[in-house]
Amino acid sequence: MSCTHEEDLTAYIDGELPPPHRARMEAHLGTCAECQQTERLLRVTVARMAELPAFTPSPSSRREVLARLDALPPTWRERMASLLRPGVLVPSAGVAATAVLALLVAGRASVDGAALEELDAGALEVATNLELVEDYEVLGLDSSDDLEVVENLHELGMP
């Protein structure tokens with residue numbers, strides 16, 4: 001059927017169209033043979049469906065249907081969704097990050113030995129006492145004179 005009114009025929013037969021729309025449909029049915037034929041077919045179908053006995057499923061039918069659905073293999077989308085759950089994704093990302101970090105450290109181990117020899121003693125001292133240096137920066141101690149004063153505070157008798 002290629003008529004533009006075909007979508008409204010079922011609603012018309014079921015009495016679900018509002019009055020103005022229903023009047024337009026009735027006017028159209030007077031002129032369209034295709035819609036008249038479809039209307040007759042729909043009315044016969046609805047009448048025959050009403051004659052059928054009511055279906056009452058057995059209590060076990062629901063369980064059987066659900067068991068069959070559970071037995072179906074998961075779809076691709078369901079498998080991806082289960083892999084992207086935070087409970088799976090976060091630990092996997094942690095393991096991957098640890099592996100990458102281990103590879104980077106292992107790759108840099110041969111380079112680090114040579115790089116440490118090239119560093120001057122002052123830079124190495126700062127690196128080993130980085131936490132202390134950061135504390136000094138917070139206090140505003142940035143010159144070597146300030147550090148000397150802090151280093152010799154014990155001589156002044158201050159605890």
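As a reminder, the structure under discussion sits directly above these lines.
This text gives an overview of the structure that appears in the document.

Conventions and cut-offs
- Residues numbered from 1 in each chain as written.
- Predicted model: local features only at pLDDT ≥ 70, side-chain atom pairs only at ≥ 80, totals over all residues.
- Heavy atoms only, no water.
- Axes fitted to C-alpha atoms, helices over the stretch in contact; angles between N-to-C directions.
- Helix = DSSP H or I, 4+ residues; strand = E, 2+ residues; numbered from the N terminus.
- Parallel < 35°, antiparallel > 145°, perpendicular 65-115°, else oblique.
- Left-handed = near helix turned anticlockwise from the far one by under 90°.
- Contact = heavy atoms within 4.5 Å.
- Nonpolar A, V, L, I, M, F, W, Y, C, P; charged D, E, K, R; others polar.
- Patch = residues over 30% accessible without salt bridge, like charges linked within 9 Å, V, L, I, M, F, W, Y side chains within 5 Å.
- Areas by Shrake-Rupley, 256 points an atom, 1.4 Å probe, with all protein chains shown as cover.
- Salt bridge = Lys/Arg side-chain N within 4 Å of Asp/Glu carboxyl O.
- Core = buried A, V, L, I, M, F, W, Y, C linked by side-chain atoms within 4.5 Å.
- Buried < 20%, exposed > 50% of the residue type's maximum accessible area, 1.4 Å probe, protein only.
- Arc of directions from axis to C-beta.

Further remarks concern the packing of helix 1 (residues 6-13) against helix 2 (residues 19-29). The interhelical angle for the contact between helix 1 and helix 2, taken along N-to-C directions, is 115°, at an axis separation of 11 Å. It follows from the interaxial angle that helix 1 and helix 2 lie roughly perpendicular. Considering how the two elements wind past one another, helix 1 and helix 2 form a crossing that is left-handed. Note on element contacts: helix 2 touches helix 1 through His 21, Arg 22, Met 25, Glu 26 and Leu 29, opposite Asp 8, Leu 9 and Tyr 12. In terms of residue class, the contact of helix 1 with helix 2 is built from four nonpolar, one polar and three charged.

The next thing to look at is a nonpolar patch on the surface. A grouping of Val 65, Leu 66, Leu 69 and Leu 72 is seen on the molecular surface, where their side chains present a nonpolar patch of about 360 Å² in accessible area. Mapping Val 65 onto the fold places it in helix 4 (residues 59-71).

Next up on the list: the nonpolar core. The nonpolar side chains of a soluble globular protein tend to be buried with one another. With 10 residues, the main nonpolar core is built from Cys 3, Leu 9, Ala 11, Tyr 12, Ile 13, Leu 17, Met 25, Leu 29, Cys 32 and Cys 35. Those elements that place two or more of their residues in this core are helix 1 and helix 2. Apart from the residues lying within four places of it in its own chain, the contact partners of Ile 13 are Glu 39, Leu 42 and Arg 43.

All right, on to helix 2 then. Residues of helix 2 that are buried: Met 25, His 28 and Leu 29. Buried residues in helix 2, looked at end-on, bunch into an arc of 100°, giving them a common side. Looking at helix 2, the residues exposed on the side facing more than 90 degrees away from the buried face are Pro 19, Pro 20, Arg 24 and Ala 27. On its buried face, helix 2 is in contact with helix 1 and helix 3 (33-51).

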